[in-house]
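Below, each chain spelled out in residue letters.
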Amino acid sequence: MTVPPEPSLDPAQPEQRMELFARLLASCQRKVFLYIMALVHNPTDAEEILQETNLVLWRKFEQYRPGTDFVQWACRVAYYEVLKYREKKAHQEHLFSSDFLERFADEVEQFLQEADVRREALSSCMEKLRPQDRQLLWHRYQPQASTRSVAEAFGRSVQGVRKSLHRIRMTLLECIRRRLAQESR
């Protein structure tokens, strides 16, 4: 998915600045939340840290350079908010060392960046599947669907559906691996 180029910020245009901030913030909230969750493992705390992060992002938005990776910048701000959270919580519970947290934060940030590439590869590979294979997958991954319910809906045996799903998943996996290998060259 290509992101349209960001307009340059004109300090004399506060509406333009707010609109750009809102657009960038909305596009990265899920990733920043997942990044924070990976570091604190508590959804309630992660939500609180995310809100603090959003406030800091707004306060420091003039420091953001359009055209750079907003998600990476937001995750770096979130990292510092996690550190503040840890300082407040340090007397209540035993936490990981700051060195470990920093290394882990870098890993999570890298994972989030790679997730977009993998998601795009999956989308491209899904388009290459036969329509009946896409339909079988779509039905299987609906809420409360099971292999048995899909087999009944398609008039097939459970074992036959399992084999088909396995074959489709392996096809997707191989396609994604090839696509990622091509993109890393």
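What you are looking at is a predicted structure, and each value in this text was computed from that prediction instead of being measured.

A. Quick look at the packing of helix α5 (residues 131-140) against helix α6 (residues 147-154). One way to put it is that α5 packs onto α6 with a least axis distance of 9 Å and a crossing angle of 135 degrees. One element, α5, and the other, α6, form an angle in the oblique class. α5 and α6 meet at a crossing whose hand is right-handed. Seen from α5, the contacting residues are Gln135, Leu136, His139 and Arg140; seen from α6, they are Thr147, Val150 and Phe154. Broken down by class, the residue content of the contact of α5 with α6 amounts to three nonpolar, three polar and one charged.

B. Fine view of the pattern of salt bridges. A complete count under the given rule lists five salt bridges for this structure. Aspartate 133 is the partner of arginine 130 in a salt bridge, and the nearest nitrogen-oxygen pair spans 3.1 Å. Take arginine 130: its relative accessible area is 43%, and that puts it in the partly exposed class. Residue aspartate 133 is classed as buried on the basis of its relative accessible area, which comes to 5%. Arginine 178 serves as the salt-bridge partner of glutamate 174, at 3.9 Å between the closest nitrogen and oxygen. Taken together, the positions of glutamate 174 and arginine 178, both in helix α7 (residues 158-183) and four residues apart, correspond to about one turn of that helix. Look at glutamate 174 and you get partly exposed, because its relative accessible area is 39%. Through salt bridges with shared partners, a single ionic network connects Arg130, Asp133 and Arg167.

Rules of the game
The written sequence of each chain sets the order in which its residues are numbered from 1. Local features in this predicted model are restricted to residues of pLDDT 70 or higher, and side-chain atom pairs are both shown and tallied only at a pLDDT of 80 or more, whereas totals for entire chains, interfaces and linings draw on every residue. Side-chain measures were taken over the full set of non-hydrogen atoms in the model, leaving aside hydrogen atoms and water. Orientation is described by lines fitted to C-alpha atoms, with helices fitted over the stretch in contact, and by angles between N-to-C directions that extend from 0 to 180 degrees. Put simply, DSSP marks the helices as runs of H or I at least four residues long and the strands as runs of E at least two long, and each gets a number from the N terminus on. In this scheme, roughly parallel covers angles under 35 degrees and roughly antiparallel covers those over 145, while 65 to 115 is roughly perpendicular and the rest are oblique. Here a crossing is called left-handed whenever its near helix is offset anticlockwise from the far helix by less than a right angle, and right-handed whenever the offset is clockwise. Residues are treated as being in contact if the distance between any of their heavy atoms lies within 4.5 Å. Classification convention: Asp, Glu, Lys, Arg as charged; Ala, Val, Leu, Ile, Met, Phe, Trp, Tyr, Cys, Pro as nonpolar; all other residues, Gly among them, as polar. When a carboxyl oxygen of Asp or Glu lies within 4 Å of a side-chain nitrogen of Lys or Arg, that pair is called a salt bridge. The cut-offs for exposure are 20% and 50% of the maximum accessible area for each residue type, with area from a 1.4 Å probe on protein chains only; residues under the lower value are buried, those over the upper are exposed, and the others partly exposed.

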